[in-house]
Amino acid sequence: MKFSLQTLLNVEGNGYGLLNVRIFGWILYGLTRRDVLVPSEILRQMIRIGVQALPMASLVALSVGFILAMQSSTELGKLGANSFIPDLVSLSLMRELGPLLIAIIVVGRSGSAVAAEIGTMKVNEEIEALRVMAIPPVRYLVIPRYIALMIMLPCLTIFGNCVGLAGGWAVCASTLGMTTSFFIEHAVHRPELWDLYSGLIKSVVFAHILITTACYQGLSVEGGADGVGRATTNAVVYAILWIIIADALLTGLFFFVL
Amino acid sequence: MKSTTSTSKNPPSDIILEVKNLVQVYGKRPVLNGINFQVRKGETFVIMGGSGCGKTTLLRILIGAQRPTSGSVHIFGEDITTASPQELDRIRLRFGMNFQFGALFQSMTVGENIALPLQEHSQVDPSLIEMVVKMKLELVGLTGFENFKPSEISGGMRKRVGLARALALDPELLFSDEPTSGLDPVMTAVVDQLTLDSTRKIGVTAVVVSHDMTSCFRIATRMLMLGSGSRQGEIVAEGTPAEIKANPDPFLQQFIRGEADGPIPFRLSQDDYLKHLLGDG
Ligand SMILES: Nc1ncnc2c1ncn2[C@@H]1O[C@H](COP(=O)(O)OP(=O)(O)O)[C@@H](O)[C@H]1O
Ligand SMILES: [Mg+2]
């Protein structure tokens, strides 16, 4: 087991697939050794790429809550079905909009930062210096960021769902005269656990796409500052593209196939 | 498993670095064209040459940062050009590299930069690492700068931090890319003295790239000059400092004396210039 893992980590090359292989290899390897996964560094990255995205994520989630409630009230109101607004807000947040929009915000906020940071290190020969010191850049730079985001994005998503619900409640309570208890009861009782879980699975997949794309673009920077700029743009564009495609696939899988 | 056979052959033990028929081609232009040399234990081997002649390229190949077009590089008897990443890491723990532009980690302080290789590769506890960091900084004349970021110190100081970091793990072999360019004369002397102390007192073998003649002759036990222009890619001369001084090669002498007139071209010839202007060169 250990030997095959070692050979896995020693495959040469720089492809995106290989980066994924290396990440999983190092995490597996890290489970057997204490010095590979450094908790303090992971925590630092969680704060940098997760916690600091909190204000922006909340603002987006709150706005989405407002939008959902307002939009649905115009149509459902005509049918006299205003009482379904809480269900609709909470379902669409949990299944779809929470994971997707939070992921997109974090791509813009943290994905670009990671790509730019690693890219600048590449240009500055810091990546080369790590290699020459026999410190694998994937283990030292990518792994802490990877684990940090895999933990933080689902957390941000749950948090965003709550904030979004609060936004929906604000609209319902202020303009539709709905009581708070009514809103909470419907918003919480209607969704099943699977609705929450499917959203969280999505956000884990999105986190993987986000951070691997950002790190890959950063590590493949060539040239100078222009290369860093290009990598940052690419990281954001490709991450969003693949996140949306993955979302379509997963939605199909969760709600039509399974 | 080629490297296993080459290690088991056990080359003469005092040859630490052996370069054979090294060729590096960029596009179609050969930057290094059949370079051969050996470095023995304890030597301070200086590689000289004009800007752009391929000194950094040569060093990058020597440390395994880049694979050459062809040729081999044996360090401690192992071929670094064919080594697997795992073997490379093992060899790399035995040498230090001081990059031309420092390559310091911008997000870390000076102290953390020097501490990193120690934290990663030795089991000593943090208080001891802190002490080693202080010692290394004292060595390069930067006591008290532990908590500065690389962006907060001057270029010359950065180069000295790079040197301190390269020496952090007390390597057997030190590669240094233009360690004194951009330093004032006093600091040049300090860095040269440091190289001398490491090599003569501790027994480190050093491969130093430089185009600063004073500093070259101060530290070298043997030197090599790479050609440029019409002699791009070849070795112009190799020998002890005395032999190099006595070598009549006009190219070499122009470089040592730093004269503008001589065989080293810095402009196109009349014909080439015309051709270049007319756009068919
Ligand atoms: N990655 C590269 N691709 C193409 N050409 C390169 C590359 N790196 C260096 N060169 C060329 O090789 C030559 C030698 O560069 P370098 O080794 O940095 O010179 P030195 O360190 O002696 O000043 C230069 O002419 C440079 O343009
Ligand atoms: Mg150079």
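Residues numbered from 1 in each chain as written. Chains lettered and ligands numbered in written order. Predicted model: local features only at pLDDT ≥ 70, side-chain atom pairs only at ≥ 80, totals over all residues. Heavy atoms only, no water.

K.L.:
What's the story with the overall build of chain A in this structure? I'm lost.
P.N.:
Assigned secondary structure in chain A consists of 10 helices and zero strands. In chain A, the succession of helices and strands from N to C terminus is α-α-α-α-α-α-α-α-α-α. Viewed in the frame of its principal axes, chain A has a C-alpha envelope of about 70 × 40 × 35 Å. The contacts of chain A with a sequence gap of at least 6 include a subset with a gap of at least 24, amounting to 80%. Roughly 11900 Å² of accessible area belongs to chain A as shown, and the carbon and sulfur atoms make up 71% of that amount. Taking the 16 positively charged and 16 negatively charged side chains of chain A as two groups, their mean positions are separated by 5 Å. (Helix = DSSP H or I, 4+ residues; strand = E, 2+ residues; numbered from the N terminus. Contact = heavy atoms within 4.5 Å. Areas by Shrake-Rupley, 256 points an atom, 1.4 Å probe, with all protein chains shown as cover. Lys, Arg positive; Asp, Glu negative; His and termini not counted. Charge placed at Lys NZ, Arg CZ, Asp CG, Glu CD.)

K.L.:
Sorry, what's going on with the coordination of the magnesium ion (ligand 2) here?
P.N.:
In a perfect tetrahedron of four donors around a metal, the angles come out at 109.5 degrees. In a perfect octahedron of six, they are 90 or 180 degrees. Residue and element names in this part refer to chain B. Coordination of the magnesium ion (ligand 2) by the protein involves Thr-56 (OG1) and Gln-100 (OE1), with metal-donor separations of 2.0 to 2.3 Å. With Thr-56 in helix α2 (residues 55-62) and Gln-100 in the loop between β6 (95-98) and α4 (110-121), this pair connects stretches of sequence that are 44 residues apart. The class of Thr-56 is partly exposed, set by a relative accessible area of 27%. Assessed through its relative accessible area of 18%, Gln-100 is described here as buried. (Donors = N, O, S within 2.8 Å, 3.2 Å for Na, K, Ca; no water. Buried < 20%, exposed > 50% of the residue type's maximum accessible area, 1.4 Å probe, protein only.)

K.L.:
Just checking my understanding: could you explain the pattern of salt bridges for this structure?
P.N.:
Scanning the model with the defined rule gives 23 salt bridges over all chains in all. Here the residues in one salt-bridge network are Arg48(A), Glu117(A) and Arg145(A), joined through shared partners. (Salt bridge = Lys/Arg side-chain N within 4 Å of Asp/Glu carboxyl O.)

K.L.:
Teacher, can you tell me more about the sheet that holds strand β7 (residues 173-177) of chain B here?
P.N.:
Pairing between the strands of a sheet comes from backbone hydrogen bonds, and it takes one of two forms, parallel or antiparallel. All names here are of chain B. The mixed open sheet is built from six strands, whose spatial order is β6-β7-β8-β3-β9-β10. Lying at the two open borders of the sheet, with one neighbouring strand each, are β6 and β10 (235-239). Within this sheet the neighbouring strands show an average axis-to-axis angle of 10°, counted without direction. Pairing analysis gives four bridges linking strand β9 (residues 222-226) to β10, with the strands arranged antiparallel. Its bridge partner being in β10, Leu-226 is matched across the sheet by Ile-235. Against the sheet, helix α6 (residues 155-166) contacts β6 and β7, and its axis sits at roughly 170° relative to β6. (Pairing = 2+ DSSP bridges. Axes fitted to C-alpha atoms, helices over the stretch in contact; angles between N-to-C directions.)

K.L.:
Sorry if this is basic, but what is going on with unusual backbone geometry here?
P.N.:
With the exception of glycine, most residues fall at negative phi, and the peptide bonds are largely trans. One non-glycine residue, Glu125(A), lies in positive phi territory at about 65°. In this fold, Glu125(A) is placed in the loop between α5 (85-123) and α6 (126-132).

K.L.:
Is there a simple way to think about the domain arrangement of chain A in this case?
P.N.:
It is common to give the size of an interface as the accessible area that goes away when the parts come together. Residues and elements named next belong to chain A. Assigned domains of chain A: these are domain 1 (1-37) and domain 2 (38-256). In this structure, domain 1 and domain 2 have C-alpha centres spaced 26 Å apart. Between domain 1 and domain 2, the contact holds 13 residues from the first and 16 residues from the second. When domain 1 packs against domain 2, the two sides together hide about 1300 Å² of surface, and 76% of this comes from carbon and sulfur. (Domains from an automatic or database assignment. Buried area = accessible area lost by both parts, 1.4 Å probe.)

K.L.:
Hey, could you run me through the environment of Ala206(B) in this one?
P.N.:
Residues and elements named next belong to chain B. As for its placement among the helices and strands, Ala-206 is situated in strand β8 (residues 205-209). Looking at Ala-206, the relative accessible area reads 0%, which means it is buried. Aside from chain neighbours lying at most four places away, what touches Ala-206 is Glu-43, Thr-44, Phe-45, Leu-174, Thr-195 and Thr-199.

K.L.:
Could you clarify how one ought to interpret the interface of chain A and chain B in this entry?
P.N.:
Across the contact, 17 residues belong to chain A and 24 residues belong to chain B. Roughly 1900 Å² is buried in total at the junction of chain A and chain B, and carbon and sulfur atoms are behind 57% of that figure. The largest share of the area that chain A buries against chain B comes from Glu125(A), Val132(A) and Met133(A), three residues that together contribute 30% of it. Taken together, the connections running from chain A to chain B amount to two salt bridges. A salt bridge links Glu120(B) to Arg139(A), with the nearest nitrogen and oxygen atoms 2.2 Å apart. Put simply, chain A and chain B have six residue pairs in polar contact (both at pLDDT 80 or more) between them. Listed by contribution, the elements that provide at least two residues to the side of chain A that touches chain B are α6 and α7 (137-175) of chain A. (Polar contact = N/O pair within 3.5 Å; in protein donor to acceptor, adjacent residues only side chain to side chain.)

K.L.:
Hey, could you run me through the packing of aromatic side chains in this one?
P.N.:
The way to describe two aromatic rings as a pair is by their centre distance and the angle between their planes. All names here are of chain A. Taken as a whole, this structure holds eight aromatic pairs over all chains when the rule is applied. Between the aromatic rings of Trp-194 and Phe-254, the centroid separation amounts to 5.2 Å while the plane-to-plane angle is 75°, which identifies the pairing as edge-to-face. Taken together, the residues Trp-194 in helix α9 (residues 193-219) and Phe-254 in helix α10 (residues 225-257) connect sequence positions 60 residues apart. For Trp-194, a relative accessible area of 32% translates into the label partly exposed. Given a relative accessible area of 7%, Phe-254 falls into the buried group. (Phe/Tyr/Trp six-rings, centres within 6.5 Å; stacked < 30°, edge-to-face > 60°.)

K.L.:
What is the right way to read the packing of α7(A) against helix α8 (residues 180-189) of chain A from this model?
P.N.:
The description of two helices packed together rests on the angle between their axes and the distance between the axes. All names here are of chain A. In the contact formed by α7 and α8, the axes pass within 10 Å of each other and the chain directions differ by 140°. With respect to α8, the element α7 is oriented oblique. The interaxial crossing formed by α7 with α8 has right-handed handedness. Across from Leu-165, Gly-168, Trp-169 and Cys-172 in α7, the residues of α8 making contact are Thr-180, Phe-183 and Ala-187. Residues belonging to the contact of α7 with α8 are distributed by class as follows: five nonpolar, two polar and no charged. (Parallel < 35°, antiparallel > 145°, perpendicular 65-115°, else oblique. Left-handed = near helix turned anticlockwise from the far one by under 90°. Nonpolar A, V, L, I, M, F, W, Y, C, P; charged D, E, K, R; others polar.)

K.L.:
Help me understand the sheet that holds strand β4 (residues 70-75) of chain B, please; the structure alone is not making it clear to me.
P.N.:
Residue and element names in this part refer to chain B. The antiparallel open sheet is built from four strands, whose spatial order is β2-β1-β4-β5. The open sheet has two free edges, formed respectively by β2 (29-40) and β5 (78-79), since each of these has just one partner strand. Where β4 lies against β5, two bridges are found, and the strand directions are antiparallel. For His-74, the partnering residue across the bridge sits in β5 and is Asp-79. Helix-sheet contacts for α2 involve β1 (15-26), β2 and β4, and the interaxial angle to β1 is about 125°.

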